[in-house]
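Next come the chains, spelled out residue by residue.
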Amino acid sequence: MSTSPLLSEAMDYPGNLYVIAAPSGAGKSSLVKALLELDARLMVSISHTTRPPRGQEQNGREYWFISPAEFQAMVDRGDFFEWAEVHGNRYGTSRGAIEKRLKAGEDVVLEIDYQGALQIKQLFRLAVLIFILPPSWEELRQRLCRRGEDAPEVIEQRMVNARHEVDQARHFDYIVVNALFETALFDLKTIVHAQRLKYASQRRSRPAVFDALQLS
Ligand SMILES: Nc1nc2c(ncn2[C@@H]2O[C@H](COP(=O)(O)OP(=O)(O)O)[C@@H](O)[C@H]2O)c(=O)[nH]1
Ligand SMILES: Nc1ncnc2c1ncn2[C@@H]1O[C@H](COP(=O)(O)OP(=O)(O)O)[C@@H](O)[C@H]1O
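The name that an unreviewed UniProt entry assigns to the protein is Guanylate kinase, with the source organism given as Sphaerotilus hippei. The protein has a UniProt comment under Catalytic activity (unreviewed entry) that states "GMP + ATP = GDP + ADP".

Peer 1: Explain the pairing of strand 6 (residues 89-94) here, please?
Peer 2: As a general feature of sheets, a regular strand has side chains that alternate between the two faces. Counting buried positions along strand 6 gives six out of six residues, so the element sits mostly inside the fold. Side chains Asn 89, Tyr 91 and Thr 93 project from strand 6 onto one buried face, and the interleaved Arg 90, Gly 92 and Ser 94 project onto a second face that is buried too. In the sheet, strand 5 (residues 80-86) pairs with strand 6 via six bridges, with the strands oriented antiparallel. In the sheet register, Glu 85 faces strand 6, and the bridge partner there is Arg 90. The antiparallel pairing of strand 5 with strand 6 creates a hairpin that spans two residues between the two strands, and His 87 there sits at a positive phi of about 50°.

Peer 1: Would you take a moment to explain the packing of helix 6 (residues 137-147) against helix 7 (residues 152-167) for this structure?
Peer 2: When two helices pack together, their arrangement is given by the angle between the helix axes and by the axis-to-axis distance. Axis separation between helix 6 and helix 7 bottoms out at 11 Å; the angle between their running directions is 140°. When the interaxial angle is binned, helix 6 and helix 7 end up oblique. Read as a crossing pair, helix 6 and helix 7 show a hand that is right-handed. Between helix 6 and helix 7, the residues in contact are Trp 137, Leu 140, Arg 141, Leu 144, Cys 145 and Arg 147 and Ile 155, Glu 156, Arg 158, Met 159, Ala 162, Arg 163 and Val 166, respectively.

Peer 1: Where do I start with the environment of Leu 180 in this structure?
Peer 2: Mapped onto the elements, Leu 180 comes out in the loop between strand 9 (174-177) and helix 8 (181-202). Its relative accessible area of 58% is what places Leu 180 among the exposed residues. Measuring from C-alpha to C-alpha, the distance between Leu 180 and Pro 134 comes to 9.9 Å, with 46 residues separating the pair along the chain.

The rules behind the values
- Residues numbered from 1 in each chain as written.
- Chains lettered and ligands numbered in written order.
- Predicted model: local features only at pLDDT ≥ 70, side-chain atom pairs only at ≥ 80, totals over all residues.
- Heavy atoms only, no water.
- UniProt positions renumbered as here; feature names shortened; annotations may be inferred.
- Buried < 20%, exposed > 50% of the residue type's maximum accessible area, 1.4 Å probe, protein only.
- Helix = DSSP H or I, 4+ residues; strand = E, 2+ residues; numbered from the N terminus.
- Pairing = 2+ DSSP bridges.
- Axes fitted to C-alpha atoms, helices over the stretch in contact; angles between N-to-C directions.
- Parallel < 35°, antiparallel > 145°, perpendicular 65-115°, else oblique.
- Left-handed = near helix turned anticlockwise from the far one by under 90°.
- Contact = heavy atoms within 4.5 Å.

Shown next as structure tokens:
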């Protein structure tokens, strides 16, 4: 059991933390974007990365794109809540942004890899870990190809890494299979809503339960 002081503090945070991981191409970003459109109470945290931007990506929208030296300086200053190397690049969640939001009672979604998700669970016992699975390996490859953003060798590396990533799904609280998009989105929405109610009642706050139900 971790003895991090953050563990007990986190119990008192009024906001909920949802952590969503998946192998590249499973549909995580598309699902999270649709979820945010359905649920105005969710905020997504923008990560920092050393990966170069893809075609339509903008600094500060999908990611904060920074150099390896800038990333290292943030690591040295302890600016990251968690960080990991994924597919040869570094990615991290900035500490300040999520703590401030959770303390303010906002529900935060982190779209990160399994290593980061498992680090977060050590710090926030109440974090809800959700793993998105593709319906098959073949469909995963097809989605990566259809997305048309990655070179063939990058796709191959992501397919190899996916085997190990999928193996980590058993450590998560929930698994959602993204076969039919609308069904997976409904599953995600249900998990978010059910956990919101559960934690509101655990905090023994009747107003918080009503608030979670969006009743007055
Ligand atoms: N640990 C960690 N992983 C992250 C973070 N941001 C993104 N990732 C993960 O890094 C991996 C690669 O992301 P990306 O380059 O956008 O590729 P994509 O998953 O194919 O869209 C994905 O598994 C992301 O969830 C972060 O802040 N921390
Ligand atoms: N349920 C689905 N059925 C078919 N294609 C999907 C589905 N979900 C996502 N996609 C497509 O698969 C590709 C990868 O999705 P994306 O959200 O970028 O994945 P990730 O963020 O997990 O890497 C995109 O082209 C997206 O439109």
